[in-house]
Amino acid sequence: MLRLILGILAGLVAAVITVMIVEMIGHMIFPPPAGVHVSDPEQLAAIMSEIPLGAKIAVLVAWAIGIVVGGLVAILVSKRNWTAWVVGLAVLAMGAVTMMMIPHPFWMMVATPLITVLAVVLTVRLFGTKAA
């Protein structure tokens, strides 16, 4: 039981750190307009229509990579494949909260759960344990 809890917690931490790093890289490639703080939801909501498509795709890529890395860590620590789903659903929930705080295009709202499922399935297929 301790291994399961630690696996899920380690996976969540790995996912969040990975998402933050990949999003920072995305901000370097697609910098926000001058004077806009990416940590301020109100400022982001005000400029959402101005954000380039590549920057929006970078966010989805960050979430997908976070799910893969976090799911991998969860599987390695817990020795259970289903822990990757817990991590994926947690990242999906965080994405949903973000989308409620900052209006996102409809296509991103549709793509997010699809990308979540694909990322978890990929993680389990590539890194899942046979015994799990």
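Everything below is about the structure shown above.
Here the residue numbering is sequential within each chain, running from 1 through the sequence in written order. Per-residue local features are limited, in this predicted model, to residues with pLDDT of at least 70; the limit for side-chain atom pairs, both in listing and counting, is 80 or more; totals at the level of whole chains, interfaces and linings are taken over all residues. The side-chain quantities take in all heavy atoms of the structure and omit both hydrogens and water.

(A) Representation of the overall build of the protein chain in the model. A tally of helices and strands in the protein chain yields five helices and zero strands. Numbering of helices and strands starts at the N terminus; helices are DSSP runs of H or I of at least 4 residues and strands are runs of E of at least 2. Helices and strands appear in the protein chain in the N-to-C order α-α-α-α-α. Our radius of gyration is a C-alpha quantity, and the globule rule it is checked against amounts to 2.2 Å times the number of residues to the power 0.38. The globule rule puts the C-alpha radius of gyration for 132 residues at 14 Å, and the 16 Å found for the protein chain is close to it. Projected onto its principal axes, the C-alpha positions of the protein chain cover 50 × 25 × 25 Å. When accessible area is computed with a 1.4 Å probe and restricted to protein chains, residues below 20% of their type maximum are described as buried, those above 50% as exposed, and intermediate ones as partly exposed. Across the 132 residues of the protein chain, 37% fall into the buried class. Should any heavy atoms of two residues lie within 4.5 Å, those residues are considered in contact. Here the contacts in the protein chain between residues at least 6 apart in sequence split such that 78% fall between residues at least 24 apart. Residue exposure ignores everything except the shown protein chains as possible cover, and the areas themselves are Shrake-Rupley values with a 1.4 Å probe. In the structure as shown, the protein chain presents an accessible area of about 7600 Å², 77% of it carried by carbon and sulfur atoms.

(B) Looking closely at helix α5 (residues 106-127). In a regular helix each residue adds 1.5 Å, so 22 residues correspond to 32 Å; α5 covers 32 Å between its end C-alpha atoms and thus fits that length. A maximum bend of about 25° is found in α5 at T112, where proline P113 lies one to four positions downstream. Every buried residue of α5 is accounted for by M108, A111, T112, T116, A119, V120 and T123. Looking at the packing, one finds that the buried side of α5 touches α3 (53-78) and α4 (82-101). Expected helix span is computed as 1.5 Å times (number of residues minus one). Bend at a residue means the angle formed by two fitted axes: the first through the 7 residues ending at that position, the second through the 7 residues beginning there.

(C) Region of interest: the environment of I65. Within the fold, I65 resides in helix α3. Considered as a pair, I65 and R80 are 15 residues apart in the sequence and their alpha carbons are 20 Å apart. I65 has contacts with T18 and V22, leaving out every residue within four places of it along the chain.

(D) Spatial organisation of the environment of L126. Along the chain, L126 falls in helix α5. Residue L126 is classed as exposed on the basis of its relative accessible area of 55%.

(E) Looking closely at the side chain of T116. Following the sequence through the fold, T116 ends up in helix α5. Taking relative accessible area as the criterion, T116 reaches 5% and is therefore assigned buried. With near-sequence residues (within four places) excluded, T116 lies in contact with I67, G88 and L92.

(F) Layout of the environment of I21. Among the structural elements, I21 can be located in helix α1 (residues 2-29). With relative accessibility at 43%, the residue I21 sits in the partly exposed group.

(G) Structural detail: the packing of α3 against α5. Only the contacting stretch of a helix is used when fitting its axis, a line to C-alpha atoms as for every element, and angles between N-to-C directions run 0 to 180 degrees. Look at α3 against α5: their axes get within 9 Å of each other, and the N-to-C directions meet at 30°. For the pair α3 and α5, the sense of crossing is right-handed. Every residue of α5 that contacts α3 at L53, K56, I57, V59, L60, W63, A64, I67, V68, G71, L72 and I75 is listed here: W107, M108, A111, T112, I115, T116, A119, V120, T123, V124 and F127. By residue class, the composition of the contact of α3 with α5 is 18 nonpolar, four polar and one charged. What makes a crossing left-handed is the near helix being turned counterclockwise from the far one by less than a right angle; a clockwise turn instead makes it right-handed. Three residue categories are used. Nonpolar comprises Ala, Val, Leu, Ile, Met, Phe, Trp, Tyr, Cys and Pro, charged comprises Asp, Glu, Lys and Arg, and polar comprises the others, including Gly.

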